[in-house]
Amino acid sequence: MNRRHALRHIALISGGLALIPSCDFSKDDILAAYQNLKVTASQKVLLAAISDTIIPAGEIKGALDLEVPDFILVMVNDCFTKENQEKFTAGLTVFPDYVQKTAGKKFEALSTKEKEELILNGTKLESDDTPEGKERGNISYFLNSTKRFTIQGYMASEYIQTEIIPYSLIPGEYNGAVLISDLQKPRING
């Protein structure tokens, strides 16, 4: 190893060591991929857990396997109005507190049955003019939007459209000598 390489490595190491104290990894940064949303990485993990509860993996892939949480955030970012984006984000932000108040545990610590009941009850929350009522309305809006986009993203995924429900072009092939009762139904359950 010659002296130039040694000096370059020493300079790189000392420069890197000078930058380490300025890096603060303790706070949760906002994801830059979504311009109109202020969503953190931990909120995206929570959204993934909710969508996985709505459509879990079983014999076929679940919502988490098909990256449905990214689809949800893209749809909210690109298709919702500013007001609806704020309601969605507010609901996502207060959902962990709602879970803690309602179930007494974090969402990740709940059983599958408890998660399903919590989401189902959360979609039925009604809002009113009080601050708690607006919070309930935001949670309900968030959960209903998440449920709708989870189903839409799951059913529109390439995996479902090619492997589970075979796509056939309209009008399909014509065979006039076949009875309707003899036609094969599409496999919708795998």
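Our subject in this report is the structure included herewith. (Residues numbered from 1 in each chain as written. Predicted model: local features only at pLDDT ≥ 70, side-chain atom pairs only at ≥ 80, totals over all residues. Heavy atoms only, no water.)

### Side note on the overall build of the chain
And step 1. Broken down by element type, the chain carries seven helices and zero strands.
And step 2. For the chain, buried positions account for 31% of its 190 residues.
And step 3. A fraction of 58% describes how many contacts in the chain between residues 6 or more apart in sequence connect residues 24 or more apart.
And step 4. For the chain, the exposed area adds up to about 13,200 Å²; of that, 56% sits on carbon and sulfur atoms. (Helix = DSSP H or I, 4+ residues; strand = E, 2+ residues; numbered from the N terminus. Buried < 20%, exposed > 50% of the residue type's maximum accessible area, 1.4 Å probe, protein only. Contact = heavy atoms within 4.5 Å. Areas by Shrake-Rupley, 256 points an atom, 1.4 Å probe, with all protein chains shown as cover.)

### Re the packing of helix α3 (residues 68-79) against helix α6 (residues 131-155)
And step 1. Contact pair α3 / α6: the axes reach a minimum separation of 9 Å and the direction vectors enclose 115°. For α3 against α6, the interelement crossing comes out right-handed. Judged by residue contacts, Val68, Phe71, Ile72, Met75 and Val76 of α3 engage Thr146, Phe149, Thr150, Gln152, Gly153 and Tyr154 from α6.
And step 2. In terms of residue class, the contact of α3 with α6 is built from seven nonpolar, four polar and no charged. (Axes fitted to C-alpha atoms, helices over the stretch in contact; angles between N-to-C directions. Left-handed = near helix turned anticlockwise from the far one by under 90°. Nonpolar A, V, L, I, M, F, W, Y, C, P; charged D, E, K, R; others polar.)

### A closer look at the packing of aromatic side chains
And step 1. Per the stated rule, a full pass over the model turns up eight aromatic pairs.
And step 2. The rings of Phe71, Phe80, Phe88, Phe95, Tyr98, Phe107, Tyr141, Phe142 and Phe149 are connected pair by pair, giving a single aromatic cluster.
And step 3. One Lys or Arg, Lys87, reaches over the ring of Tyr141 and ends 4.5 Å from the middle of that ring.
And step 4. Over the face of the ring belonging to Phe149 we find Arg148, whose NZ or CZ atom lies 4.6 Å from the ring centre. (Phe/Tyr/Trp six-rings, centres within 6.5 Å; stacked < 30°, edge-to-face > 60°. Lys NZ or Arg CZ within 6 Å of the ring centre and 35° of its normal.)

### Comments concerning the pattern of salt bridges
And step 1. Counting across every chain of the model gives four salt bridges.
And step 2. We note a salt bridge from Asp70 to Lys44, for which the minimum N-O separation is 2.5 Å. On the criterion of sequence distance, the pair formed by Asp70 in helix α3 and Lys44 in helix α2 (residues 41-54) is long-range, its members being 26 residues apart.
And step 3. The class for Asp70 is partly exposed, based on a relative accessible area of 25%. (Salt bridge = Lys/Arg side-chain N within 4 Å of Asp/Glu carboxyl O.)

### Quick look at the packing of α2 against helix α4 (residues 82-103)
And step 1. At a minimum axis separation of 11 Å, α2 and α4 run at an interaxial angle of 85°. Of the possible angle classes, the one that applies to α2 and α4 is roughly perpendicular. Contact residues: Gln43, Leu46, Leu47 and Ile50 in α2; Phe88, Leu92, Thr93, Phe95 and Pro96 in α4.
And step 2. By residue class, the composition of the contact of α2 with α4 is seven nonpolar, two polar and no charged. (Parallel < 35°, antiparallel > 145°, perpendicular 65-115°, else oblique.)

### Side note on the nonpolar core
And step 1. Membership of the largest hydrophobic core comes to 35 residues, with the highest contact counts inside it found for Ile50, Phe88, Phe95, Phe107 and Phe142.
And step 2. Mapped onto this core, the elements with two or more residues apiece are α2, α3, α4, α5 (112-123), α6 and α7 (158-164).
And step 3. Excluding residues that lie within four positions of it along the chain, Ile50 makes contacts with Phe95, Phe107, Ile119, Phe142, Leu143 and Thr146. (Core = buried A, V, L, I, M, F, W, Y, C linked by side-chain atoms within 4.5 Å.)

### Re the side chain of Thr89
And step 1. Mapped onto the secondary structure, Thr89 falls in helix α4.
And step 2. For Thr89, the contacting residues outside a window of four places in its chain are Leu37 and Lys38.

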